[in-house]
Amino acid sequence: MPVIRFVREGRDVECYPGENLRDVALREGISLYGLKGQLGNCGGCGQCITCFVDVPDGVSPGALSTRTAVEENKLRRRPNTWRLACQALVQDSLVVLTRPQMGLADAEARIAAAQAGGLPSGPTAWPAQELNEDAPEPDQELDDRAATPGDEA
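This structure is a prediction, so every number in the text was calculated from the model and none was measured.

Reading guide: rules and limits
Residues numbered from 1 in each chain as written. Predicted model: local features only at pLDDT ≥ 70, side-chain atom pairs only at ≥ 80, totals over all residues. Heavy atoms only, no water. Buried < 20%, exposed > 50% of the residue type's maximum accessible area, 1.4 Å probe, protein only. Helix = DSSP H or I, 4+ residues; strand = E, 2+ residues; numbered from the N terminus. Pairing = 2+ DSSP bridges. Contact = heavy atoms within 4.5 Å. Axes fitted to C-alpha atoms, helices over the stretch in contact; angles between N-to-C directions.

Engineer: Would you explain the pairing of strand 1 (residues 3-6) in this entry?
Structural biologist: Each regular strand shows side chains that alternate between the opposite faces of the sheet. Both faces of strand 1 are covered, namely the face carrying Val3 and Arg5 and the face carrying Ile4 and Phe6. Examined bridge by bridge, strand 1 and strand 2 (residues 11-14) share 4 bridges and lie antiparallel to one another. By the bridge assignment for strand 2, phenylalanine 6 is matched with arginine 11. What sits between the antiparallel neighbours strand 1 and strand 2 is a turn of 4 residues, in which glycine 10 has the positive phi angle 65°. In this structure, strand 1 lies alongside strand 5 (residues 94-98), joined through 3 bridges in parallel fashion. Note that in strand 5 the partner of phenylalanine 6 across the bridge is valine 96.

As C-alpha cells, then:
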C-alpha cells in the first residue's frame, strides 16, 4: 500500500491506491488546516483552498494524480509543489508537508531526512476479493427468491 509520510507530524500512514489525500489525512487525525481553514472550509470541494499541502521536489512524479483544472486555477500564484489535498489522489508513496504557509523550523532538513529515509512502494492496486465458489452469485440469489411464490413477508 502506498505510504504518505507527513513531515510536520512525523507520521507514516498507509492508504489504498487512488484514495483522496484529504480523506486519508482527516481519517488519521492529521490537521490540514490553519486557523482560516478550521473556521470554515468547503468540505473537500476545492473551492476554499485551505487544505493545500506541499509535495516537495524529488517525489516520484506519479505519486499523486495530475493537477485538476480546479487546482490549476486556485493555485496559479502558489509554488508548483503545492497541491490541494481534496483534489489529489494518492497513487504511490510520497512525502507531504501539511500547512506549508505556516513556518516550520528546519523544514528543509526535515524534508530531506524524510525523503532519505526511503518509502515503501507497496502494492499499487486494491486487494482482490476472494470469491467463495460455493456461495450463489448475488444476482442468482435474488432471482431464486423472486421465483419462489408464497414466501412474501
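From this point, the narrative continues.
Engineer: Hey, could you run me through unusual backbone geometry in this one?
Structural biologist: Generally, phi is negative for residues other than glycine and the peptide bonds are trans, each holding for most cases. For isoleucine 49, which is not a glycine, the phi torsion comes out positive at approximately 50°. Of note, isoleucine 49 is situated in the loop between helix 2 (35-39) and strand 3 (52-54). Positive phi outside glycine occurs at arginine 99, with the angle close to 45°. Counting through the fold element by element, arginine 99 comes out in the loop between strand 5 and helix 4 (107-116).

Engineer: Looking at this structure, I do not really get the environment of threonine 50. What am I missing?
Structural biologist: Looking at the secondary structure, you find threonine 50 in the loop between helix 2 and strand 3. Threonine 50 sits in the buried class, given a relative accessible area of 7%. Expressed as a C-alpha distance, the spacing of threonine 50 and cysteine 86, which sit 36 residues apart in the sequence, is 9.6 Å. Residues within four places of threonine 50 in sequence aside, it is in contact with Leu32, Tyr33, Lys36, Gly37, Gly40 and Asn41.

Engineer: Hey, could you run me through the sheet that holds strand 3 in this one?
Structural biologist: Strands in a sheet are paired, the pairing made by backbone hydrogen bonds, and the direction either parallel or antiparallel. Taken in spatial order, the 5 strands of this open sheet run 2-1-5-3-4, and their pairing is mixed. Both edges of this open sheet fall to strand 2 and strand 4 (82-84), since each of them pairs with a single strand only. Put simply, the sheet's adjacent strands are angled 35° from each other on average, direction ignored. Bridge count for strand 3 against strand 4 is 3 bridges, and the pairing is antiparallel. From the neighbouring strand, aspartate 54 faces strand 4, where its bridge partner is tryptophan 82.

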